Number of protein chains: 4
Amino acid sequence: MNRQMNASVAIQVLPHVDSDKEVIRIVDEVIDYIKSTGLKYYVGPCETAIEGEYEELMEIVKNCQYIAVKAGCPKVAAYVKITFAPEGGVLTIDQKVTKHHL
Amino acid sequence: MNRQMNASVAIQVLPHVDSDKEVIRIVDEVIDYIKSTGLKYYVGPCETAIEGEYEELMEIVKNCQYIAVKAGCPKVAAYVKITFAPEGGVLTIDQKVTKHHL
Amino acid sequence: MNRQMNASVAIQVLPHVDSDKEVIRIVDEVIDYIKSTGLKYYVGPCETAIEGEYEELMEIVKNCQYIAVKAGCPKVAAYVKITFAPEGGVLTIDQKVTKHHL
Amino acid sequence: MNRQMNASVAIQVLPHVDSDKEVIRIVDEVIDYIKSTGLKYYVGPCETAIEGEYEELMEIVKNCQYIAVKAGCPKVAAYVKITFAPEGGVLTIDQKVTKHHL
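Please read these numbers as outputs of a predicted model, since none were measured by experiment.

A.B. asks: Tell me about the side chain of Glu47(D), and please be specific about residues and values.
C.D. replies: Mapped onto the secondary structure, Glu47(D) falls in the loop between β2 (40–43) and β3 (48–52). Engagement of the side chain of Glu47(D) in a polar contact is seen with the side chain of Lys81(A), the distance being 2.9 Å. Among all residues touching Glu47(D), those that are not within four sequence positions of it are Cys46(A), Glu47(A), Lys81(A), Ala10(D), Ile11(D), Gln12(D), Tyr42(D) and Lys81(D).

This is how it looks when you write it as structure tokens:
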């Protein structure tokens, strides 16, 4: 856990497009964007978790929908879980999943 | 629906505090903040919906957690639903609930 | 609050259909079903909250998707919030929203 | 994908207990229960996804809260995402995450 880690988010982006193939293509662009931020992240079947500093994470959450729209969907929905503890105390991704994926 | 209405959010803020009384007090401060924005909103039992312009809504979503922390909780969680359609096409609160509350 | 009120749920049903008109038609059928249960409920813009006894509520949550499918969508998604406290202590819909809708 | 795979769920269980240590202990009991079902599952930082037959999955979703209560919390919340397509067409966990964890 680095010093700035005071928050975590988990986001599911749902592009309003017709085919599953298009959904996957657009979601992959969103995930590529998340990877490009350099933050610790974890891709799950229905959401991607990211940990870091609160302001930066909320900017990323906002940008995910812009990425989806730019990738080709006129309308997008997202479901976001946020945890924020300014003085610390947010469980890390490693604390939560590592033991379950050995 | 005004011209800038291209998005809607629904947010549930969960302060990590001990008593239901404290939860309610802090959530009421968050709802007061949402009311103060002047945007169209709708308070439900487990989330408050707000409609407006995407950037402004995402700023409000971010601020809700700051309000909760300032109101007295060291840690806060939030669950957020986002709909964004830059060219329009987001169903309004009125379109969705008015007929059910006559 | 009646004696069996030990849980609350809030459910958003999202039929995979093409038009907003069809979404609204199918969601209205789901809401009609919820109303028909006789339980206390509250329709919001992005979810309907229901309070009652845990087993009964989970049966209703399950049935909502059957209603949506029967109403004409081949695929449906749902987002559900559950609170369960066997010995009591679940905040009621009235405790949570009444003061905000005076 | 086996024949009965017509649904997927993703569930986050939040026990109302004081310490993170207790939260983790109780959530691990819920995850152990999910593992014991023999269904395909995937543990992420903020939810566990499971795929299978709709009725069975909804029974598991219901049981998760009983497991949490039995493990020692008087009150529990859960956040659940459901996808149901009786005639098939639900994306599998493998289709959604495998390429991201190579």
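Having seen the model, we can carry on.
A.B. asks: Break down empty space enclosed by the protein for me, with residues and values.
C.D. replies: What the rule picks out here adds up to five cavities of 30 Å³ or more. Estimated volume of the largest cavity: approximately 180 Å³. What lines the largest cavity is a set of 17 residues, and nearest its centre among them are Tyr79(A), Tyr79(B), Tyr79(C), Tyr79(D) and Lys81(D). Elements supplying a minimum of two residues to the lining of the largest cavity: β4 (76–84) of chain A, β4 (76–84) of chain B, β4 (76–84) of chain C together with β4 (76–84) of chain D.

A.B. asks: Could you give an account of the sheet that holds β3(D), with specific residues and numbers?
C.D. replies: What the eight strands build is an open sheet, ordered β2(C)-β3(C)-β1(C)-β4(C)-β4(D)-β1(D)-β3(D)-β2(D); its pairing is antiparallel. If you trace the sheet from one side to the other, it starts and ends with β2 (40–43) of chain C together with β2 of chain D, each paired once. Across the sheet, the mean angle from the axis of one strand to that of its neighbour is 15°, orientation sign disregarded. By the bridge criterion, five bridges tie strand β1 (residues 7–15) of chain D to β3(D) in an arrangement that is antiparallel. Directly across from Ser8(D), in β3(D), lies its bridge partner Glu51(D). Docked against the sheet, helix α1 (residues 20–36) of chain C engages β1 (7–15), β2 and β3 (48–52) of chain C, running at close to 155° with respect to β1(C). Running over the sheet, helix α2 (residues 54–70) of chain D touches β4 of chain C together with β1, β3 and β4 of chain D and is turned about 10° from β1(D).

A.B. asks: Tell me about the interface of chain B and chain A, and please be specific about residues and values.
C.D. replies: Listed by partner, the interface residues are 22 residues for chain B and 22 residues for chain A. For the chain B and chain A pair, buried surface summed over both sides reaches about 2100 Å², with 59% attributable to carbon and sulfur atoms. Where chain B packs against chain A, one counts two salt bridges. With its nearest N and O atoms 3.0 Å apart, the salt bridge here joins Lys62(A) to Glu55(B). At the junction of chain B with chain A, the criterion picks out 15 residue pairs in polar contact (both at pLDDT 80 or more). Looking at the side of chain B that touches chain A, the elements with two or more residues in it are α2 (54–70) and β4 of chain B. Of all the elements, β4(B) adds the most residues to the side of chain B that touches chain A, at nine residues. When grouped by side-chain class, the residues that make up the side of chain B that touches chain A number 15 nonpolar, three polar and four charged.

A.B. asks: An account of the interface of chain D and chain A is requested, with residue identities and associated values reported.
C.D. replies: Listed per partner, the contact involves 23 residues of chain D and 23 residues of chain A. Buried area between chain D and chain A, summed over both chains or domains, comes out near 2100 Å², and the portion from carbon and sulfur atoms is 61%. The largest contributions to the chain D side of the interface with chain A come from Pro45(D), Lys81(D) and His100(D), which together make up 28% of the buried area. Summed over the shared surface of chain D and chain A, the number is four salt bridges. Taking the shortest distance from any N to any O, the salt bridge between Asp28(A) and Lys99(D) comes out at 2.6 Å. Among the elements of the structure, β1, α1 (20–36), β2 and α3 (93–97) of chain D are those that each provide at least two residues to the side of chain D that touches chain A. For the side of chain D that touches chain A, the element with the most residues is α1(D), which contributes five residues.

Calculation rules
- Residues numbered from 1 in each chain as written.
- Chains lettered and ligands numbered in written order.
- Predicted model: local features only at pLDDT ≥ 70, side-chain atom pairs only at ≥ 80, totals over all residues.
- Heavy atoms only, no water.
- Helix = DSSP H or I, 4+ residues; strand = E, 2+ residues; numbered from the N terminus.
- Polar contact = N/O pair within 3.5 Å; in protein donor to acceptor, adjacent residues only side chain to side chain.
- Contact = heavy atoms within 4.5 Å.
- 1 Å grid on protein atoms, 1.4 Å probe; cavity = no way out; pocket = protein on both sides within 12 Å on 5 of 7 lines; lining within 4 Å.
- Points joined across faces, edges and corners; volume = space filled by probe spheres on them.
- Pairing = 2+ DSSP bridges.
- Axes fitted to C-alpha atoms, helices over the stretch in contact; angles between N-to-C directions.
- Buried area = accessible area lost by both parts, 1.4 Å probe.
- Salt bridge = Lys/Arg side-chain N within 4 Å of Asp/Glu carboxyl O.
- Nonpolar A, V, L, I, M, F, W, Y, C, P; charged D, E, K, R; others polar.

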